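Coordinate analysis (summary)
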6 protein chains.
Amino acid sequence: MPYINIKVTDEQVTKEQKQQLIVGATQLLVDILSKNPKTTHVVIEEIPIENWGVNGKQYLGTKK
Amino acid sequence: MPYINIKVTDEQVTKEQKQQLIVGATQLLVDILSKNPKTTHVVIEEIPIENWGVNGKQYLGTKK
Amino acid sequence: MPYINIKVTDEQVTKEQKQQLIVGATQLLVDILSKNPKTTHVVIEEIPIENWGVNGKQYLGTKK
Amino acid sequence: MPYINIKVTDEQVTKEQKQQLIVGATQLLVDILSKNPKTTHVVIEEIPIENWGVNGKQYLGTKK
Amino acid sequence: MPYINIKVTDEQVTKEQKQQLIVGATQLLVDILSKNPKTTHVVIEEIPIENWGVNGKQYLGTKK
Amino acid sequence: MPYINIKVTDEQVTKEQKQQLIVGATQLLVDILSKNPKTTHVVIEEIPIENWGVNGKQYLGTKK
């Protein structure tokens, strides 16, 4: 507790970027809600771009 | 807002079928709840058949 | 199989609208992927508006 | 895109703390992955403490 | 790690039943995959019956 | 109904272990809440170890 799930498109997120996301999300819960980092879990899921839609269209895969 | 997550077994869903799912799910939220399609996200997740169980048994992978 | 999860803000969605979302989402999976409606599950989750953020801001709760 | 789901126990998280979580999580995705904040969604879910278990026991509800 | 999410309809699940679900799900992961119970999280979510659909119909709320 | 989602790290979980998780999780809902196994779905998701963080660190991938 807590549990943070981050879903992004699968576009070459590096191992280092994942580590930075894990550090940042954990720290956020420590800073704002005084949660214990030892029981804070972060799970990153990378979704193929053709599986993500917004405004009724498949995502085109530019990073922004 | 809103966010729609569709989980199906991983059985050769084509890119065109995914696009149709995205269009249909987005339109549903527009039609029924007057949501803005520009902020409606659809995420399709394909699950390996051996990872999906119903009635206590692994899914066998016939489409129905 | 399949499983569809719809997350919307909690803004007086009626029982009838929920029924329409369930019918529409189920039919979508039948039409596009020939899934069996008897095993198609739809779960709607209503999120308090102060718990939903986009563009770094809490949602204000206009329907669009 | 992206979509961040934060699950915490339901222990009087204030509206201001939720806003801080939304700001922080959005900024994290901007900083690390250069994502567009306008399409970054954050959904916070508050779980009753008796519904959360760790180490085979119901959570007792101390904040840490 | 791991993380188990159990979604059931909201039909007067007691605190004791929730505890039994937490114990059972945790033990399952210990028995089958030798996971560490101390980092095994179980989150139970209770969904209003009108928000759950199967076979295109809202759930009627009999327990089975 | 119900729906059980089990997230574990992707560390060579065998088809047989997945079957055992499906049987055990389904039986748990039958035993504790008298749910109908025919409508009980179990979905196992395997997460790459570098995508799972706890205590602010990427998981190292020892099984415990």
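Residues numbered from 1 in each chain as written. Chains lettered and ligands numbered in written order. Predicted model: local features only at pLDDT ≥ 70, side-chain atom pairs only at ≥ 80, totals over all residues. Heavy atoms only, no water.

Here we take up the overall build of chain A. Helix and strand content of chain A: one helix and four strands. Going residue by residue from the N terminus, the α and β elements of chain A occur as β-α-β-β-β. Within chain A, contacts between residues separated by at least 24 positions form 73% of all contacts whose residues are at least 6 apart in sequence. If you sum the accessible surface of chain A, you get close to 2600 Å²; carbon and sulfur atoms cover 52% of it. Distance from the positive charge centre (8 side chains) to the negative charge centre (7 side chains) of chain A: 5 Å. (Helix = DSSP H or I, 4+ residues; strand = E, 2+ residues; numbered from the N terminus. Contact = heavy atoms within 4.5 Å. Areas by Shrake-Rupley, 256 points an atom, 1.4 Å probe, with all protein chains shown as cover. Lys, Arg positive; Asp, Glu negative; His and termini not counted. Charge placed at Lys NZ, Arg CZ, Asp CG, Glu CD.)

Residue and element names in this part refer to chain D. Following the sequence through the fold, Asp31 ends up in helix H1 (residues 15-33). A relative accessible area of 53% means that Asp31 is categorised as exposed. Taking C-alpha positions, Asp31 is 19 Å from Ile6, a pair spaced 25 residues apart along the chain. (Buried < 20%, exposed > 50% of the residue type's maximum accessible area, 1.4 Å probe, protein only.)

Taken in spatial order, the eight strands of this open sheet run S4(C)-S3(C)-S2(D)-S1(D)-S1(A)-S2(A)-S3(F)-S4(F), and their pairing is mixed. Of all the strands in the sheet, the pair left with one neighbour each is strand S4 (57-58) of chain C together with strand S4 (57-58) of chain F. Sheet topology places strand S2 (residues 41-47) of chain A next to strand S3 (residues 52-54) of chain F; three bridges connect them, and they run antiparallel. Looking across to S3 of chain F, one finds that His41 of chain A is bridged to Val54 of chain F. Packing of helix H1 (residues 15-33) of chain A onto the sheet brings it into contact with strand S1 (3-9) and S2 of chain A, strand S1 (3-9) of chain D together with S3 and S4 of chain F, and relative to S2 of chain A it is tilted by some 140 degrees. Packing of H1 of chain D onto the sheet brings it into contact with S1 of chain A, strand S3 (52-54) and S4 of chain C together with S1 and strand S2 (41-47) of chain D, and relative to S2 of chain D it is tilted by some 140 degrees. (Pairing = 2+ DSSP bridges. Axes fitted to C-alpha atoms, helices over the stretch in contact; angles between N-to-C directions.)

What follows covers the UniProt feature "active site" (unreviewed entry) in chain A. Look at the UniProt record and you will see "active site" (unreviewed entry) annotated at Pro2 of chain A. With respect to the helices, strands and loops of the structure, Pro2 of chain A is situated in the segment before S1. Non-local contacts of Pro2 of chain A, meaning those with residues more than four positions away in its chain, are made with Leu29, Lys35, Thr39, Thr40 and His41 of chain A together with Lys7, Val8 and Trp52 of chain D. (UniProt positions renumbered as here; feature names shortened; annotations may be inferred.)

This brings us to the arrangement of the chains. If you take every C-alpha in chain A and every C-alpha in chain C, the smallest gap between them is 13 Å, and the two do not touch. Between chain D and chain F there is no contact, and the shortest C-alpha to C-alpha separation is 13 Å.

Okay, the UniProt feature "domain: 4-oxalocrotonate tautomerase-like" (unreviewed entry) in chain A next. Under the UniProt annotation, "domain: 4-oxalocrotonate tautomerase-like" (unreviewed entry) lies at residues 2-57 of chain A. In this annotation, residues 2-57 of chain A is assigned 34% helix and 32% strand; the end-to-end C-alpha distance for the span is 33 Å.

Turning to the packing of aromatic side chains, a few remarks are in order. The tally for this structure, following the rule as stated, stands at three aromatic pairs over all chains. Taking the centre distance of 3.7 Å and the plane angle of 0 degrees together, the rings of Tyr3 of chain A and Tyr3 of chain E count as stacked. You can see Tyr3 of chain A sitting in strand S1 and its partner Tyr3 of chain E sitting in strand S1 (residues 3-9), one on each of two chains. A residue is classified by how much of its surface remains accessible, and Tyr3 of chain A, at 4% relative accessible area, is buried. (Phe/Tyr/Trp six-rings, centres within 6.5 Å; stacked < 30°, edge-to-face > 60°.)

Moving on, we get to the interface of chain B and chain F. Facing the 12 residues of chain B at the interface are 17 residues of chain F. For the chain B and chain F pair, buried surface summed over both sides reaches about 1300 Å², with 47% attributable to carbon and sulfur atoms. Ionic pairing is found between Lys18 of chain F and Glu50 of chain B, a salt bridge with its closest N-O pair at 2.8 Å. Listed by contribution, the elements that provide at least two residues to the side of chain B that touches chain F are strand S2 (41-47), strand S3 (52-54) and strand S4 (57-58) of chain B. (Buried area = accessible area lost by both parts, 1.4 Å probe. Salt bridge = Lys/Arg side-chain N within 4 Å of Asp/Glu carboxyl O.)

Contacts between the two partners involve 27 residues from chain E, matched on the other side by 27 residues from chain F. Approximately 2500 Å² of surface area, both sides summed, lies buried where chain E meets chain F, with 71% of it carried by carbon and sulfur atoms. By the criterion of area lost to chain F, the three top residues of chain E are Met1, Ile32 and Leu33 of chain E, representing 24% of everything that side buries. Taken together, the links from chain E to chain F amount to two salt bridges. Glu11 of chain E is the partner of Lys35 of chain F in a salt bridge, and the nearest nitrogen-oxygen pair spans 3.8 Å. On inspection of chain E and its partner chain F, the count reaches five residue pairs in polar contact (both at pLDDT 80 or more). Of all elements in the fold, only S1 and helix H1 (15-33) of chain E reach the threshold of two or more residues within the side of chain E that touches chain F. The biggest single contributor to the side of chain E that touches chain F is H1 of chain E, with nine residues. (Polar contact = N/O pair within 3.5 Å; in protein donor to acceptor, adjacent residues only side chain to side chain.)

If you trace the backbone, Ile22 of chain E turns up in helix H1. Once residues within four sequence positions are removed from consideration, Ile22 of chain E is found in contact with Glu50, Trp52, Gly53, Gly56, Lys57 and Gln58 of chain D together with Val42 and Ile44 of chain E.

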